[in-house]
Amino acid sequence: MRNTAALRRRLTGPGAGASGLAAVLSMGAYCLALAIHGTYPFGSRSRAVNDLGNQFVPYHAHLWDLMHGNTTGDLLFNWNSGYGAPFLADFMAYLMNPFSWLVGLFPRDAVNFPVFLVTLLSIGLGSAVMTVFLGRLHRGSPWLRALLAAGYGLCAWVLNDGSPDPMWMWGLVSLPLVSLACDWCLREKHWVLGTLAVAVAWAGNFYTGAMATIGAGLVLLLRLLLARTAVRERLRVLGRAASMVTVGVLLTAPVILVSLKASKASQPAPVAHYDGPPGLTDYLAQLLPGGRSDHSMPNIFVGVLGLLLVASLPFNRKVRARERIGWYVLLVLVALSFVWTPTILLWHGLAIPNGSPYRAAFVLSGLLTMAAWVSLSRRPDPLALLGGAGLTALVLVLGSGHSSVRSSTYVLVIAGGALAVGALWALQHRRGDRRVRRAVGVALTLGVLAGSTYSAYWATVIRDRLDFFKPRETISDRSLAAYDLIQQADDWPAKRTDPGPHEFASNDPLLLGGEGGAYYSSYLPKVTAQLLHDIGAGWYIEGRHTLSPADPVGKALFGVTTYLDSSSAPEGFTAKHAAAAPLVTVHPSTGKPDTSSVWTRQESLLGSKVYEVPALAPTAGPAPTLHGSSGWSIPATPKGGTWTTFGGSCAPGSTAYFYGPWFNGTVLGLGAKFTSYGKQPMTAMPIRELGTVPADGKVQVALQAGAAAQVPAEPVGCLAPGALATALGGLTGATSVDSSGHGISGTLPAGSRGTALLSVPAAQGWECSVDGGAWAAPQSVLGMIGLPLGGGASRFSCTYRTPGLTPGLAVGGAAAAALVGVALVTRLRRGARGR
């Protein structure tokens, strides 16, 4: 009964109310800022992705489909993207924030709203949990804790780094949550609950969970150094914390091992380099709210109130000198760790991230909030407040002239700082007057709300001006019409319906359904990227974002019989149809396939020769240089000069295609003129149609290059009328094909020999059986799944087994057993003491 009463008091007492206030303040300020700016959901739909991240709305649409049984795949495998790709690692990376699962409660055509809620609710929960932890860090007014926690909930990292990537927002919750678990270790209680807290942090997003654990561990070390306890007791606390974190992390072993295996098999990320630390004054300027730097910087501000109180800490004589020094040393060391390459690697899992190298900045924002509370909880006197105001003014002066310090910064710091100093002074000197306390509380609360709204508004305005944050219409009337068109035409697994031409998002197949080649993921298998590149499809980000083939042979190889086209309907789409190979075909055993060019690679998979490849020769313009099979080097075209021109011949009436994946410039030939944006190895352009070969059979291609460029040795292929149809008509397909969430099976013509070729990338994890035989990994035929049929076979079955899942479940199960064992022993000991 006493425990029940204590729990009731905790849930209904001032601590709970303060946590609620922090959540309401932070979420309210965020919503107000978006509403003033006119951003979704308070403005036009098309601006939604400006704050939600264009990549992640399709992932949540796919999660909706999984929840409602509206897709062909399951959690293990995704048939919609990349012509079949593993999915569990993507689910764990992008959709494990518990708030993501709210998507199933909303209509699919409003999927961007629950994605907005992921960010909003993470802000609220992070602020609430931080309020609780600050109370464990030091006793003091719960309402003042709430004001500081609200600043943490809308710190610069949230506004600039976290909100465009909803899965990272769980890190905002993880830092105070793991810090709370470490506090329980310090007090030698709740080991089981603390272990579960660590597991929740890592499972929600293990990337930010690891950062939060490092930050919480540093705070625990500082508290132990400051504690007046024996060394033996401190070591016992460290051992307790180490065991808690170890078991908590092991509970998430399925997440970690699956992700590590998927990362190892994925297309490598572009190599990132750290450009070096920012200048001291530029770094200090990031403490000032109301702005954003034009270049990559640690986004760390926590609002005017938090900044003022952190600045007041050195002057607050009510805090022990040792404690003041300890907190400032911790803040400086963590700040320095963000700009030193070895520690940047430590924060980011031993890899310099692409994009901002300061993704762990929320940890420093959390530490600033804690340091601010260390000062506020001891009620700084006027001298400390004046010292803090002076130090804040110094930072403002030093930061002047840097891009992150704008007019909004001056307004916020000067007006907000004056209000905060005055309110805190009144709170200190008139604390016995209830009316003054209430008036000051209201003033501070409104000040924090106004300041947070102002900061969030200007961060949104500034971010909206940046090119890489320009939104596209993820959910719109056009995308909904495209979705309906795809759903009507889809007939998987008899054939594929490709949702190209990639109009709405980086992951249109997840957003629209169907079965396309496009996929944007950190875990995109290398074999998928290489297969699509080898047959002439385009890619971005060095193959981490693949596209569907744009040519008829490429589409046919993957069984695409229907695809979307917007070229003839700019305001909408039409569904175009074409003949294609069956999903499963039987090919006679042949020697090593010809991989000398994109044309021969396509023919090898098709099993027939369909291209005529002209022998091109330079005819005009700056002379190119042929480097054997490596290709032609194209010199830069002089301004106003003649373009480099190639000439050759093909059969009249055939259709000529150009392939220059890395060419950057303009291509002109047979009536076609287009710009190519290739950049090796970042951006690969697909095979493009030039036009119909005239009656004289001459094929001329002119290239204009702004700088030296490169094209393959055989950049042109001609497809004769009817050649593809004839080749497709000669194929032997499976008599029936069935697919499950992560499997595919079918029957073949009786006694089939040679190799059964499945137009599915041969990603690591596939296991297949022929005629009920032993399960084994299939062969890779230029990247596609190939099944040797031996002396004759009539059926096959393949299933995808996620690498790392089985050992992950075993390790996680063992950790869970250990956790249950500790819980039982603890309960028995308590019972024995009670007797």
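Calculation criteria
The numbers attached to residues start from 1 for each chain and follow its sequence in the written order. Residue-level local features of this predicted model are given only where pLDDT is at least 70; pairs of side-chain atoms are given and counted only at 80 or more, and the full residue set underlies all totals for whole chains, interfaces and linings. Side-chain measures here rest on the full set of heavy atoms in the structure, leaving out hydrogens and waters. A run of DSSP states H or I qualifies as a helix once it reaches four residues; a run of E qualifies as a strand once it reaches two. Both are numbered from the N-terminal end. In this scheme, a residue with accessible area under 20% of its type's maximum is buried, one over 50% is exposed, and one in between is partly exposed, where area comes from a 1.4 Å probe on protein chains only. Residues are treated as being in contact if the distance between any of their heavy atoms lies within 4.5 Å. Each accessible area is a Shrake-Rupley estimate made with a 1.4 Å probe; only the visible protein chains count as cover when residues are assessed. Note on charges: Lys and Arg go in the positive column, Asp and Glu in the negative column, and His and the chain ends are not counted at all. Just so you know, the charge point we use is NZ for Lys, CZ for Arg, CG for Asp and CD for Glu. Two cysteine sulfurs form a disulfide in these notes if their separation is within 2.5 Å. Strand pairing is assigned whenever DSSP detects at least two bridges linking the two strands. Interaxial angle, 0 to 180 degrees, is taken between N-to-C directions of lines fitted to C-alpha atoms, where a helix line uses only the stretch in contact. Counted as salt bridges are all cases of a side-chain nitrogen of Lys or Arg within 4 Å of a carboxyl oxygen of Asp or Glu. Each pair of aromatic rings taken from Phe, Tyr and Trp, with Trp reduced to its six-membered ring, is defined by centres within 6.5 Å and is described as stacked if the planes are under 30 degrees apart, edge-to-face if over 60, and tilted in the remaining cases. Under this scheme an angle from 65 to 115 degrees is roughly perpendicular, one under 35 degrees roughly parallel, and one over 145 degrees roughly antiparallel; angles in between are oblique. For any helix crossing, the convention is left-handed if the near helix is rotated counterclockwise from the far helix by under a right angle, and right-handed if that rotation is clockwise. Gly counts as polar in this scheme, as do all residues outside two lists: the nonpolar Ala, Val, Leu, Ile, Met, Phe, Trp, Tyr, Cys and Pro, and the charged Asp, Glu, Lys and Arg. Per residue, pLDDT measures the predictor's confidence, with a range of 0 to 100. Grouping buried Ala, Val, Leu, Ile, Met, Phe, Trp, Tyr and Cys residues that are joined through side-chain atoms within 4.5 Å yields what is termed a nonpolar core. Multiplying 1.5 Å by the helix residue count minus one yields the expected span of that helix.

*Asks:* It is not clear to me how the overall build of the protein chain should be interpreted in this structure. Could you clarify?
*Replies:* Looking only at helices and strands, the protein chain has 28 helices and 29 strands in total. Its C-alpha atoms give the protein chain principal-axis dimensions of about 100 × 75 × 45 Å. A burial count over the protein chain gives 57% of its 835 residues as buried. When contacts within the protein chain are restricted to residue pairs at least 6 apart in sequence, long-range pairs at least 24 apart make up 73% of them. Surface accessibility of the protein chain: about 33200 Å² in total, with carbon and sulfur atoms responsible for 61%. For the protein chain, the distance from the average site of its 63 positive side-chain charges to the average site of its 41 negative ones is 21 Å.

*Asks:* So what exactly am I meant to see when it comes to the state of the cysteines here?
*Replies:* One covalent bond between the sulfur atoms of two cysteine residues makes up a disulfide. Summed over all chains, the structure comprises 2 disulfides. The side chain of Cys650 participates in a disulfide bridge whose partner is Cys718; the two sulfur atoms lie 2.1 Å from each other. As the torsion about the S-S bond is roughly 80 degrees, the Cys650-Cys718 disulfide counts as right-handed. Taken together, the residues span a long stretch of sequence, with Cys650 in the loop between β14 (644-649) and β15 (655-658) and Cys718 in strand β21 (residues 716-719) at a distance of 68 residues. Among the residues examined, Cys650 registers a relative accessible area of 5% and is labelled buried. A sulfur-sulfur distance of 2.1 Å marks the disulfide that ties Cys768 to Cys798. Taking the torsion about the sulfur-sulfur bond, which here is approximately 110 degrees, the covalent link between Cys768 and Cys798 counts as right-handed. Placement of Cys768 in strand β26 (residues 766-770) and of Cys798 in strand β29 (residues 793-800) is noted, with a sequence separation of 30 residues between them. Summarising the burial analysis for this pair, Cys768 and Cys798 share the class buried.

*Asks:* Explain the pairing of β21 to me, please; I cannot follow it from the model alone.
*Replies:* As a general feature of sheets, a regular strand has side chains that alternate between the two faces. Of the two faces of β21, the one holding Val716 and Cys718 and the one holding Gly717 and Leu719 are both buried throughout. Summarising the sheet, strand β10 (residues 611-612) and β21 pair through 2 bridges and their orientation is antiparallel. When the bridges of β21 are listed, Glu612 appears paired with Cys718. Here β15 runs beside β21; their pairing, made up of 4 bridges, is antiparallel.

*Asks:* Looking at this structure, how should I read the sheet that holds strand β11 (residues 617-620)?
*Replies:* Across a sheet, paired strands are connected by hydrogen bonds in the backbone, their directions being either parallel or antiparallel. Taking strand neighbours across the sheet as the criterion, the 5 strands line up as β11-β14-β19-β16-β17 in an open arrangement whose pairing is antiparallel. Edge positions in the sheet fall to β11 and β17 (672-677), since each of these pairs with one other strand and no more. Going across the sheet, the axis of each strand differs from the next one's by a mean of 30 degrees, ignoring polarity. Relative to strand β19 (residues 698-705), β14 runs antiparallel, the two sharing 6 bridges. From the neighbouring strand, Gly647 faces β19, where its bridge partner is Gln700.

*Asks:* Looking at this structure, I do not really get the pattern of salt bridges. What am I missing?
*Replies:* Proximity of charged atoms lets side chains of opposite charge pair with each other. Tallied over the full model, the rule gives 9 salt bridges. Of the charged contacts in the structure, one is a salt bridge between Arg801 and Glu767, with a shortest N-O distance of 2.8 Å. Here Arg801, found in the loop between β29 and α28 (805-834), pairs with Glu767, found in strand β26; they are 34 residues apart in sequence, far enough to count as distant.

*Asks:* Mind showing me how you'd approach the sheet that holds strand β22 (residues 732-733) here?
*Replies:* With respect to topology, 5 strands assemble into an open sheet ordered β22-β9-β25-β28-β27, the strand pairing being antiparallel. Every interior strand has two partners, whereas the edge strands, β22 and β27 (779-781), have only one. Sheet topology places strand β9 (residues 584-587) next to β22; 2 bridges connect them, and they run antiparallel. By the bridge assignment, Thr585 is partnered in β22 with Gly733.

*Asks:* Help me understand the packing of aromatic side chains in this model?
*Replies:* In this description, an aromatic ring pair is defined by two values, namely the gap between the centres and the angle between the planes. What the rule picks out here adds up to 24 aromatic pairs. Centre to centre, the rings of Tyr83 and Phe558 are 4.1 Å apart; their planes meet at 10 degrees, and the pair counts as stacked. On the criterion of sequence distance, the pair formed by Tyr83 in the loop between β1 (77-78) and β2 (85-86) and Phe558 in the loop between α25 (552-557) and β7 (560-565) is long-range, its members being 475 residues apart. For Tyr83, a relative accessible area of 0% translates into the label buried. Look at Trp539 and Trp662: their rings are 6.2 Å apart centre to centre, the planes differ by 55 degrees, and that puts the pair in the tilted class. Here the residue Trp539 occupies a position in strand β5 (residues 539-540), and Trp662 occupies one in the loop between β15 and β16 (664-669), the gap between them amounting to 123 residues. For Trp662, a relative accessible area of 17% gives the class buried.

*Asks:* Got a minute to help me understand unusual backbone geometry in this structure?
*Replies:* With the exception of glycine, the majority of residues adopt a negative phi angle, and the majority of peptide bonds are in the trans configuration. Residue Pro41 is reached from Tyr40 by a cis peptide bond, and omega for that bond is 5 degrees. With respect to the helices and strands, Pro41 occurs in the loop between α2 (14-37) and α3 (49-52). One non-glycine residue, Leu350, adopts positive backbone phi at about 65 degrees. Topologically, Leu350 is positioned in the loop between α17 (341-347) and α18 (361-376). Using a relative accessible area of 69% as the deciding quantity, one classes Leu350 as exposed. At Glu542, a residue that is not glycine, the phi angle is positive and equals roughly 55 degrees.

*Asks:* Explain the packing of helix α7 (residues 142-153) against α18 here, please?
*Replies:* What describes two packed helices is the angle between their axes and the distance between those same axes. Direction vectors running N to C along α7 and α18 enclose 160 degrees, while the axes themselves pass 9 Å from each other. Here α7 is positioned roughly antiparallel relative to α18, judged by the angle of their axes. In the packing of α7 onto α18, the handedness of the crossing is right-handed. Within the contact between the two elements, α7 uses Leu144, Arg145, Leu148, Ala149 and Tyr152 and α18 uses Phe362, Ser365, Gly366, Thr369, Ala372, Trp373 and Leu376. When its residues are assigned to classes, the contact of α7 with α18 shows 8 nonpolar, 3 polar and 1 charged.

*Asks:* Quick question: what am I supposed to make of the confidence of the model for the protein chain here?
*Replies:* Do not read the fine detail of predicted coordinates wherever pLDDT is low. Mean pLDDT over the protein chain works out to 92, with 95% of the residues at or above the 70 mark. Of the regions scoring below 50 in pLDDT, residues 45-53 engages in 41 contacts with residues more than four places distant in sequence or in other chains.

*Asks:* Mind showing me how you'd approach the nonpolar core here?
*Replies:* In globular proteins that are soluble, nonpolar side chains generally tend to be buried together. In this structure, Leu305, Trp327, Phe338, Leu364 and Met370 are the most contacted members of the largest nonpolar core, which totals 169 residues. The element contributing the most residues to this core is α18, with 12 residues. Those residues in contact with Phe338 that sit more than four places away from it in its chain are Tyr274, Tyr283, Pro298, Ile344, Trp347, Tyr358, Ala360, Ala361 and Leu364. Membership of the second largest hydrophobic core comes to 29 residues, among which are Ala556, Tyr563, Leu606 and Ala723.

*Asks:* Mind showing me how you'd approach the environment of Ala89 here?
*Replies:* On the secondary structure map, Ala89 appears in helix α5 (residues 88-94). Residue classification places Ala89 among the buried positions, given a relative accessible area of 8%. Along the sequence, Ala89 and Ser263 sit 174 residues apart, while their C-alpha atoms lie 8.6 Å from each other. The contacts of Ala89, once residues within four sequence positions are left out, are Val258, Ser259, Ala262 and Tyr523.

*Asks:* What is the right way to look at helix α12 (residues 231-251) in this model?
*Replies:* An α-helix turns once per 3.6 residues; consequently, residues spaced three or four apart project the same way. Relative to the 30 Å expected for 21 residues at 1.5 Å per residue, α12 spans 30 Å between its end C-alpha atoms, a close match to the ideal helical length. All of the buried residues along α12 are Val237, Ala241, Met244, Val247, Gly248, Val249 and Leu251.

*Asks:* Hey, could you run me through the packing of helix α10 (residues 191-204) against α12 in this one?
*Replies:* Orientation of α10 relative to α12, taken along the N-to-C sense of each, is 45 degrees, at an axis distance of 8 Å. By the criterion of interaxial angle, the relationship of α10 to α12 is oblique. The chirality of how α10 crosses α12 is right-handed. Across from Trp191, Gly194, Thr195, Leu196, Val198, Ala199 and Trp202 in α10, the residues of α12 making contact are Arg240, Ser243, Met244, Val245, Val247, Gly248, Val249 and Leu251. Of the residues belonging to the contact of α10 with α12, the class tally is 10 nonpolar, 4 polar and 1 charged.

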